[in-house]
Structures are given as structure tokens and as C-alpha cells.
Amino acid sequence: MNAIIREIKYLCNRIKWLAVLLILSLVFSCSNESQKKQEKRIITVSILPQKYFVEKIAGDRFQINVMIPPGASPESY
């Protein structure tokens, strides 16, 4: 009889830990999803014509930066 009671207590303890882990994983996964939706990933290109092509491929999901400002010479960088 004592072995059965110990087994039941052991299983209850395992179920409690599994429930805690499940809740924690749900909380962290939900917070990561909200951050991913708000933040755009950044792509940096070297010259302005490349920005046009990357914008057409990536769409609105990424923020495109250009290393060389308009009017500057790429040879100076």
C-alpha cells in the first residue's frame, strides 16, 4: 500500500512540474511573438541601386539601409 501512495505522490509531483514548464514555455513564446511582429529585421546594402532590388524581394518585412549616402562616392568607403 505504501508503494502505491509513493507512486501516486511521485506522479503528482511530475505533473505539477510539467504544468509549470508548459506555462513558462507558453509565456515566453507569446512574448517573443509580439516582439517579432513589432520589430523589423534590418538589411544593409552597400549602394543605392541594390536597395531597390532588395526592397522588391523583401517587401515590407525588412528595413533596408544603405551604407553610402546619396551623392557620395562608393570609392571613398
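Residues numbered from 1 in each chain as written. Predicted model: local features only at pLDDT ≥ 70, side-chain atom pairs only at ≥ 80, totals over all residues. Heavy atoms only, no water.

Novice: Help me understand the overall build of the protein, please; the structure alone is not making it clear to me.
Specialist: Each helix and strand in the protein was counted, giving two helices and two strands. Counting from the amino terminus, the protein carries its helices and strands in the arrangement α-β-α-β. Among the 77 residues that make up the protein, the fraction classed as buried is 5%. Across the protein, the fraction of contacts at a sequence separation of at least 24, relative to all contacts at a separation of at least 6, is 3%. On the protein, roughly 7,200 Å² of surface is accessible, and the fraction owed to carbon and sulfur atoms is 63%. (Helix = DSSP H or I, 4+ residues; strand = E, 2+ residues; numbered from the N terminus. Buried < 20%, exposed > 50% of the residue type's maximum accessible area, 1.4 Å probe, protein only. Contact = heavy atoms within 4.5 Å. Areas by Shrake-Rupley, 256 points an atom, 1.4 Å probe, with all protein chains shown as cover.)

Novice: Looking at this structure, how should I read the pairing of strand E1 (residues 41–45)?
Specialist: On any regular strand, side chains alternate: one points to one face of the sheet, the next to the other face. The pairing of E1 with strand E2 (residues 62–66) spans five bridges and is parallel. Looking at E2, one finds that threonine 44 is bridged to asparagine 65. Once the chain exits E1 it traverses helix H2 (residues 48–58) before rejoining the sheet at E2, and the crossover so formed is right-handed. (Pairing = 2+ DSSP bridges. Right-handed = clockwise from strand over helix to strand, strands pointing away.)

Novice: Honestly, the environment of valine 45 in this entry has me stumped. Any pointers?
Specialist: Note that valine 45 resides in strand E1. Judged by its relative accessible area of 7%, valine 45 falls in the buried class. With 21 residues separating them in the primary sequence, valine 45 and valine 66 have C-alpha atoms 5.1 Å apart. Beyond its immediate sequence surroundings of up to four residues, valine 45 is in contact with Gln50, Lys51, Val54, Ile64, Asn65, Val66 and Met67.

Novice: Would you mind going over the environment of arginine 61 with me for this structure?
Specialist: Assignment of secondary structure puts arginine 61 in the loop between H2 and E2. The sequence separation of arginine 61 and isoleucine 42 amounts to 19 residues, and the corresponding C-alpha distance is 9.2 Å. Setting aside residues no more than four positions away along its own chain, arginine 61 makes contact with Lys40 and Arg41.

Novice: What am I meant to see in the packing of aromatic side chains here?
Specialist: Pairs of aromatic rings are described using the distance from one ring centre to the other and the angle between the two planes. Following the criterion strictly, the structure yields one aromatic pair and no others. Ring centres of tyrosine 52 and phenylalanine 53 lie 5.5 Å apart, and the angle between their planes is 75°; this geometry places the pair in the edge-to-face category. The class of tyrosine 52 is partly exposed, set by a relative accessible area of 48%. Take phenylalanine 53: its relative accessible area is 54%, and that puts it in the exposed class. (Phe/Tyr/Trp six-rings, centres within 6.5 Å; stacked < 30°, edge-to-face > 60°.)

Novice: Help me understand a nonpolar patch on the surface in this model?
Specialist: There is a patch of nonpolar side chains on the surface, built from Met1, Ile4, Ile5 and Ile8 and spanning about 450 Å² of accessible area. Looking at where isoleucine 8 falls in the secondary structure, it is placed in helix H1 (residues 2–38). (Patch = residues over 30% accessible without salt bridge, like charges linked within 9 Å, V, L, I, M, F, W, Y side chains within 5 Å. Salt bridge = Lys/Arg side-chain N within 4 Å of Asp/Glu carboxyl O.)

Structural measurements only, silent on function.
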